[in-house]
Amino acid sequence: MSGRGTRTIKVDTLARVEGEGELYIKMAGDRVSDVKLRIYEPPRMFEAFLRGRHFSEAPDITARICGICPIAYQMSAVHAIERALGIKIDPAVRLLRRLFYCGEWIESHALHVYMLHAPDFLGYQDVIEMARDHRDVVEKALRLKKIGNRIVQLMGGREIHPISAAVGGFYKVPSRIQLRDLVVDLQWALNASLDTVRWTSTLQFPDFEQDYEFVALRHPAEYALCEGRLVSNHGLDIDPAEYEDRFAELHVKHSNALHSIVRGRGSYLVGPLARFNLNFDKLPDTARQAATDAKLRPPVTNLFRSIQVRAVELVFACVEALRIIADYEPPSSPRVDVSNRTGVGQAITEAPRGILYHRYAVDEKGIIVTAKIVPPTSQNQRRIEDDLREYAAQLAAWPLEEATWKCEQAVRCYDPCISCATHFLKVVIHRE
Amino acid sequence: MPQDSSTKKTPAVLIIACGNPNRADDTAGMLAAARLCELGIAVRICGGGAPDLMEAWSAADNVIVIDCVVTGAAPGTVQIWDASRPLPLQRSSSTHGIGLAEAVELARAIGCLPARLRIYGIEGKNFEVGGAVSAEVKEGVSKAVGKIAAEAGKGN
């Protein structure tokens, strides 16, 4: 053990995150002198793609930003454009959008909990190693993901790059029979999700508590997905249109992606922990009870317990999907009429990884003049660095290899999705 | 870009194409799929993530997967791996998160690998977002298509 010496922790490959980047930590004894999370995110490429295109193309273009969460991008896009154009959607369409999002949450959370994150808690290098000893766990994850896929495919027209979401609604909506065909699978998924909450409560969590500013959408009547005000545990309470007034994006030398901060404050955290802590009272009874039974109640400030919170959100997504299907009455029209007009609109929706902000300005012909997209993982970047600054210091006495692995695990708590890029996250800890 | 043709009559060999069309050479699988479709050969498009791949090949006994790979070979090189043997696996060097190599090994670990699975890997060199496919990879796509088409019994 290096004790008071200095060292560099460097991980060439951070596995099991969606994307590409590098983490570098420089330490002297137990003092962390530098943390750099280098994200090789496409530099605003998609915002450029959108300029000059008609707003009706935005759902299709933005769906390609992320292969794991295309619905999140589509929902933020359509809501922002609808705001710009002054469009109100049919209440039935509103519920279908929630159902659509539930499908994505189920897919994404099941994948992360079991195949990306669980190996860390069970002492395996990866899901392949874990599968050899826990085949049933992997099969459960695959079946959960498949059920999420079914919702996405039914609502979106296909699994990859869904095509049905439109400004004003959908190009096509399912029938009652088609939706009810999902019920048996969703009931299984609900039970599997409840099992997941129970199972994650048996895991051992590192002692790592931080004072976070949690930021999430909050809706007066439901666990927010597509609508609500933006709130935090430090007093923020704004309309999404005020997002750019209260949040800033900073260029940092070491990263291609911008760092987000709350103006006048600093880093913040978005995603499941934020939603759970700010909206626990809006969870359906089944999900709230499952969390309570697992001794999980807000405030949850241990980053590693995010796996538990994702499990609770799996329960929510299944309950919500079943509720929507049970009450479903097809809309009189899958989408409202939409006309070109000048406007600017902003929207925030809750991607599986956290709030996703879109803003569009369109001209009188409906052409997108400007577009701004702020993904959740880029919003969490500075917070990830802050966490690692603290966590790496706790690991000063650990052997370098183990400390490095621990830092990778901490990053994985965020379920970072770095624009569905090539390759992997490299983590470097330099101990001087 | 080819449409998902999985609704066509199930072929004797299931061909699955993976890739990210936004990442230059990572489009290789999709380009190959388009060329095969032009030849009347059905191809299923898959995002490339392990769960999706495992679902895609779950009902098939004879599978070919086409994807762009990075192994250090010369760009455009077409390599064919038989999944009956363990694949040379690098941790998460994939555009798809838990990618193709992991999908094969995961399927092997839980006993759901197809009876016959081959991977046609076209070596890529450029993965810039929005970038163009390199000339070497285009040539590699042609070679891969030729080999697969010959196996499927149609000319290139």
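Residues numbered from 1 in each chain as written. Chains lettered and ligands numbered in written order. Predicted model: local features only at pLDDT ≥ 70, side-chain atom pairs only at ≥ 80, totals over all residues.

## Description of the sheet that holds strand β8 (residues 229–232) of chain A
Residue and element names in this part refer to chain A. With antiparallel pairing, three strands are arranged side by side in an open sheet as β7-β8-β9. Lying at the two open borders of the sheet, with one neighbouring strand each, are β7 (215–218) and β9 (237–238). Judged from the four bridges that link them, β7 and β8 form a sheet pairing that is antiparallel. By the bridge assignment, leucine 217 is partnered in β8 with leucine 230. Contacts from helix α10 (residues 272–279) reach β7 and β8 within the one sheet, and its direction differs from that of β7 by about 50 degrees. (Pairing = 2+ DSSP bridges. Helix = DSSP H or I, 4+ residues; strand = E, 2+ residues; numbered from the N terminus. Contact = placed C-beta atoms within 7 Å. Axes fitted to C-alpha atoms, helices over the stretch in contact; angles between N-to-C directions.)

## Concerning the confidence of the model for chain B
Residues and elements named next belong to chain B. In the predicted model, chain B carries a mean pLDDT of 84, and 85% of its residues have values of at least 70. Of all helices and strands in chain B, the one with the weakest mean pLDDT is helix α2 (residues 50–56) (89), whereas helix α1 (residues 28–38) scores best (95). Low pLDDT, under 50, characterises residues 1–10; the stretch is placed with 17 contacts to residues that sit more than four places away or in other chains. Here residues 91–96 scores under 50 on pLDDT; set against residues more than four positions off or in separate chains, the count is 25 contacts. (pLDDT = per-residue confidence, 0-100.)

## Re the sheet that holds strand β14 (residues 368–374) of chain A
Residue and element names in this part refer to chain A. With respect to topology, three strands assemble into an open sheet ordered β12-β13-β14, the strand pairing being antiparallel. Each edge of the open sheet is held by one strand with a lone partner, namely β12 (343–351) and β14. The mean inter-strand angle of the sheet, taken between neighbouring strand axes irrespective of direction, is 15 degrees. Bridge count for strand β13 (residues 354–362) against β14 is six bridges, and the pairing is antiparallel. When the sheet's bridge partners are listed, tyrosine 357 is paired in β14 with valine 374. Of the strands in this sheet, β12, β13 and β14 touch helix α13 (residues 376–394), which is tilted by about 125 degrees from β13.

## Quick notes on unusual backbone geometry
Residue proline 298 of chain A is joined to proline 299 of chain A through a cis peptide bond whose omega torsion reads 0 degrees. Along the chain, proline 299 of chain A falls in the loop between α11 (285–293) and α12 (306–327). Phi is positive for alanine 24 of chain B, close to 50 degrees, though the residue is something other than glycine. Checked against the element boundaries, alanine 24 of chain B lands in the loop between β1 (14–18) and α1. For alanine 24 of chain B, a count of 22 C-beta atoms within 10 Å puts it in the buried group. (Buried ≥ 20, exposed ≤ 12 C-beta atoms within 10 Å, placed from the backbone.)

## Some words on helix α3 (residues 70–85) of chain A
Residue and element names in this part refer to chain A. Taking 1.5 Å per residue, 16 residues should reach 22 Å; α3 reaches 23 Å between its end C-alpha atoms and fits that length. Within α3, 15 of the 16 residues are buried, which leaves the element mostly enclosed by the surrounding structure. With its phi angle positive at about 70 degrees, glycine 86 sits one or two positions after the end of α3. (Expected span 1.5 Å × (residues − 1).)

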